[in-house]
Amino acid sequence: MKRTVLSIAVASLCALSCKNSQTLKPSNAQTQTVKSNITDEQLMDKVQKDALKYFWDYAEPNSMLGRERYHEDNIYPDNDKHVVTTGGSGFGLATILVGVERGFVPRKDAVKRLTHIMDFLAKADRHKGAWSHWINGETGKTVPFGKKDNGGDLVETAFLTSGILMVREYFKNGNTEEKALAQKCDELWKGIQWNWYTKGGEKVLYWHWSPEYQWEMNFPLEGYNECLITYILAASSPTYSIDAETYYKGWTRNGTFLSDKTKYGLPMYVKHNYAEEYGGPLFWAHYSYIGLDPTNLSDKLIKNYFDLNKNQVLIDYKYCVENPKGWKGYGPNYWGLTASYSRNEDGSVGYNAHFPQNDHGVISPTAALSSFPYSPKESTDFLRFIYTQKPEFIGSAGPYDATSIHYNNWTTPRYLAIDQGTIAPMIENYRTGFLWKLFMNAPEIQKGLKKLSFKSEKYNIK
């Protein structure tokens, strides 16, 4: 599977229910209908705990990182259940922190697990400090994402690094073992050569570099899509930083990524790449914002990133409620389009980047569940509906990756790390702002945001 023109880091494969030393109790969720009188807080606890299982119970057993896919049916057409995903594992790190903070997993066990992960990452293949999109969890070697995509993947590295920094911030003032873990995180972060990925000093970052194919992938990171966090981290690096000009010339396309369009009366603010009418898949409102707090966050061009994301989510919601294609089931309790597994026309399982202009009647639960900060009522309605009325859509690690009421309650007993990994973190950011506080208060992030003329009164960034 290749990235589409939407620049989606298309998903790949994960694996078997291998039980590790510390496991959560099986949910048996697929055979239990949740009682309708369950409270909203209990529901949020449940889905967060369920999503955590992906990265705790079903992690790749050698690296302990997140498998690209976990298939309950244990069918892996490409024999790749040992392949781990860099970006999804970054979301997994954030998910584990939520698990520790909420008491779902013991802190001591988490420190042991996270230390093992950092040691693995330190020995894994790196390409000018960046990790590849996929890594062999058994050997640490790069697994090509495509023929020429066999080197560093800066965007996936950014998603991973966001998690690494949050782990560092969470444990840096702890006991001896925790401080040692934080130090490992710090060393990994400082080893990433962000400025190398400007291809010799161009005023834009590039997604890929390969020792074998060099810059042949030729994919500049230009907004707007899921890649904002890459520029934030690159500007914040204390060792291999980029300047503000690279951000404004590259990411914002010299300011031309701004939009004056509206949909359903809601301003778009930016031109979503190849999806200007309704906005792109909803993961664009999630991936960069696991740690980056958009609340009243501004730069020279965008007055409030929270409004940008909120409007994208609400436009997606309103589109699903309007349901112009007449899909059965779409409505206020069943909505959310994003990249995920999908149902092919012949009924087989495929992958697609769902968004209003590419709507195939498939709802991806992560879309609504990871949008809690922006649409708490609408997301709560979806959460309650899927857990109390659609038990067939729930598996051992929470809601399955893709569902369709229209096609006779079709689903697939499979999960993807990049989708399952955003659920617990974004719900937690809605509940407490926990991960946002960790990331935004990191000293380098504060400096990097100031360098790029970002402002946030919440974190005293002026």
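Values in this document were obtained by computation on a predicted structure and should not be read as measured data.

### What about the sheet that holds strand E3 (residues 134–136)?
(1) Moving on: Reading across from one edge, E2-E3-E4 is the order of the three strands in this open sheet, with antiparallel pairing throughout. Each edge of the open sheet is held by one strand with a lone partner, namely strand E2 (83–85) and strand E4 (142–143).
(2) Moving on: Pairing of E3 with E4 involves two bridges; the strand directions are antiparallel. Looking at the pairing, Trp134 lines up with Val143 of E4.

### Describing the pairing of strand E9 (residues 339–343)
(1) Moving on: By the criterion of burial, E9 is predominantly enclosed, with five of the five residues buried.
(2) Moving on: Judged from the five bridges that link them, E9 and strand E10 (residues 349–353) form a sheet pairing that is antiparallel. Each bridged residue has a counterpart across the sheet, and for Arg343 the counterpart in E10 is Val349.
(3) Moving on: Turn length for the E9-E10 hairpin, with the two strands adjacent in sequence and antiparallel, is five residues, and the turn residue Gly347 shows positive phi of about 90°.

### Some words on the environment of Trp196
(1) Moving on: Considering the arrangement of structural elements, one finds Trp196 in the loop between helix H5 (176–190) and strand E6 (208–209).
(2) Moving on: Looking at Trp196, the relative accessible area reads 31%, which means it is partly exposed.
(3) Moving on: Residues Trp196 and Ser241, 45 residues apart in the sequence, show an inter-C-alpha distance of 9.3 Å.
(4) Moving on: The residues touching Trp196, leaving out its near neighbours within four places in the chain, are Lys128, Trp209 and Trp215.

### Digging into the UniProt feature "domain: Glycoamylase-like" (unreviewed entry) in the protein
(1) Moving on: Annotation from UniProt places "domain: Glycoamylase-like" (unreviewed entry) at residues 218–442.
(2) Moving on: Each end of residues 218–442 is marked by a C-alpha atom, and these two atoms are 32 Å apart; helix forms 33% of the span and strand 11%.

### Let's talk about H5
(1) Moving on: Given a rise of 1.5 Å per residue, 15 residues ought to cover 21 Å, and the 21 Å separating the end C-alpha atoms of H5 matches this to within 8%.
(2) Moving on: Elements that come into contact with the buried residues of H5 comprise helix H3 (107–123), helix H4 (154–171), helix H6 (228–236) and helix H14 (443–451).

### A few points about the packing of aromatic side chains
(1) Moving on: All chains considered together, the criterion is met by 35 aromatic pairs.
(2) Moving on: Judged by centre distance (5.1 Å) and plane angle (75°), the ring pair of Trp207 and Phe219 falls under edge-to-face. Linking Trp207 in the loop between H5 and E6 with Phe219 in the loop between E6 and H6, this pair joins segments that are twelve residues apart in sequence.
(3) Moving on: Look at Phe219 and you get partly exposed, because its relative accessible area is 24%.
(4) Moving on: Ring plane angle 85° and centroid distance 5.2 Å describe the contact between Tyr317 and Trp335, whose orientation is recorded as edge-to-face. Note that Tyr317 is positioned in helix H8 (residues 305–322) and Trp335 in the loop between H8 and E9, a separation of 18 residues in sequence.
(5) Moving on: One aromatic cluster is present, formed by Tyr224, Tyr231, Tyr247, Tyr248, Trp251, Phe257, Tyr305 and Phe454 through successive ring pairs.
(6) Moving on: Arg113 extends its terminal NZ or CZ atom over the ring of Trp56, reaching a point 4.1 Å from the ring centre.
(7) Moving on: One Lys or Arg, Lys300, reaches over the ring of Tyr248 and ends 5.1 Å from the middle of that ring.

### Here we look at unusual backbone geometry
(1) Moving on: Cis rather than trans, the peptide bond between Gly223 and Tyr224 has omega equal to 15°.
(2) Moving on: With respect to the helices and strands, the residue Tyr224 is situated in the loop between E6 and H6.
(3) Moving on: One non-glycine residue with positive phi stands out, namely Asn218, at about 50°.
(4) Moving on: Within the secondary structure, Asn218 is located in the loop between E6 and H6.
(5) Moving on: Notably, Asn323 is not glycine yet its phi reads approximately 50°, a positive angle.
(6) Moving on: Here Asn323 lies in the loop between H8 and E9.

### Concerning the side chain of Glu444
(1) Moving on: Relative to the helices and strands, Glu444 resides in helix H14.
(2) Moving on: Residue Glu444 is classed as buried on the basis of its relative accessible area of 12%.
(3) Moving on: There is a polar contact of 2.6 Å between the side chain of Glu444 and the side chain of Arg168.
(4) Moving on: Each residue touching Glu444, except ones within four places of it in the same chain, is listed here: Arg168, Asp186, Trp189, Ser236 and Pro238.

### Digging into the pattern of salt bridges
(1) Moving on: Counted by the stated rule, this structure contains 26 salt bridges.
(2) Moving on: Its salt-bridge partner being Glu444, residue Arg168 comes within 2.6 Å of it at the nearest N-O pair. Linking Arg168 in helix H4 with Glu444 in helix H14, this pair joins segments that are 276 residues apart in sequence. The two residues Arg168 and Glu444 agree in class, both being buried.
(3) Moving on: Of the charged contacts in the structure, one is a salt bridge between Lys203 and Asp243, with a shortest N-O distance of 2.7 Å. Of this pair, Lys203 sits in the loop between H5 and E6 while Asp243 is found in the loop between H6 and helix H7 (244–251), placing the two residues 40 residues apart along the sequence.
(4) Moving on: By relative accessible area, which is 31% here, Asp243 ends up partly exposed.

### Quick word on the nonpolar core
(1) Moving on: Ranked by internal contacts, the top residues of the largest apolar core, which has 138 residues, are Met118 and Leu292.
(2) Moving on: The leading source of residues in this core is H4, at eleven residues.
(3) Moving on: Beyond its immediate chain neighbours, meaning those up to four positions away, Leu292 contacts Leu228, Ile229, Ile232, Leu297, Trp436, Phe439, Met440 and Leu449.
(4) Moving on: If you look at the next biggest cluster of nonpolar residues, it comprises nine residues, including Phe55, Ala397, Tyr400 and Ala417.

Thresholds applied
- Residues numbered from 1 in each chain as written.
- Predicted model: local features only at pLDDT ≥ 70, side-chain atom pairs only at ≥ 80, totals over all residues.
- Heavy atoms only, no water.
- Pairing = 2+ DSSP bridges.
- Helix = DSSP H or I, 4+ residues; strand = E, 2+ residues; numbered from the N terminus.
- Buried < 20%, exposed > 50% of the residue type's maximum accessible area, 1.4 Å probe, protein only.
- Contact = heavy atoms within 4.5 Å.
- UniProt positions renumbered as here; feature names shortened; annotations may be inferred.
- Expected span 1.5 Å × (residues − 1).
- Phe/Tyr/Trp six-rings, centres within 6.5 Å; stacked < 30°, edge-to-face > 60°.
- Lys NZ or Arg CZ within 6 Å of the ring centre and 35° of its normal.
- Polar contact = N/O pair within 3.5 Å; in protein donor to acceptor, adjacent residues only side chain to side chain.
- Salt bridge = Lys/Arg side-chain N within 4 Å of Asp/Glu carboxyl O.
- Core = buried A, V, L, I, M, F, W, Y, C linked by side-chain atoms within 4.5 Å.

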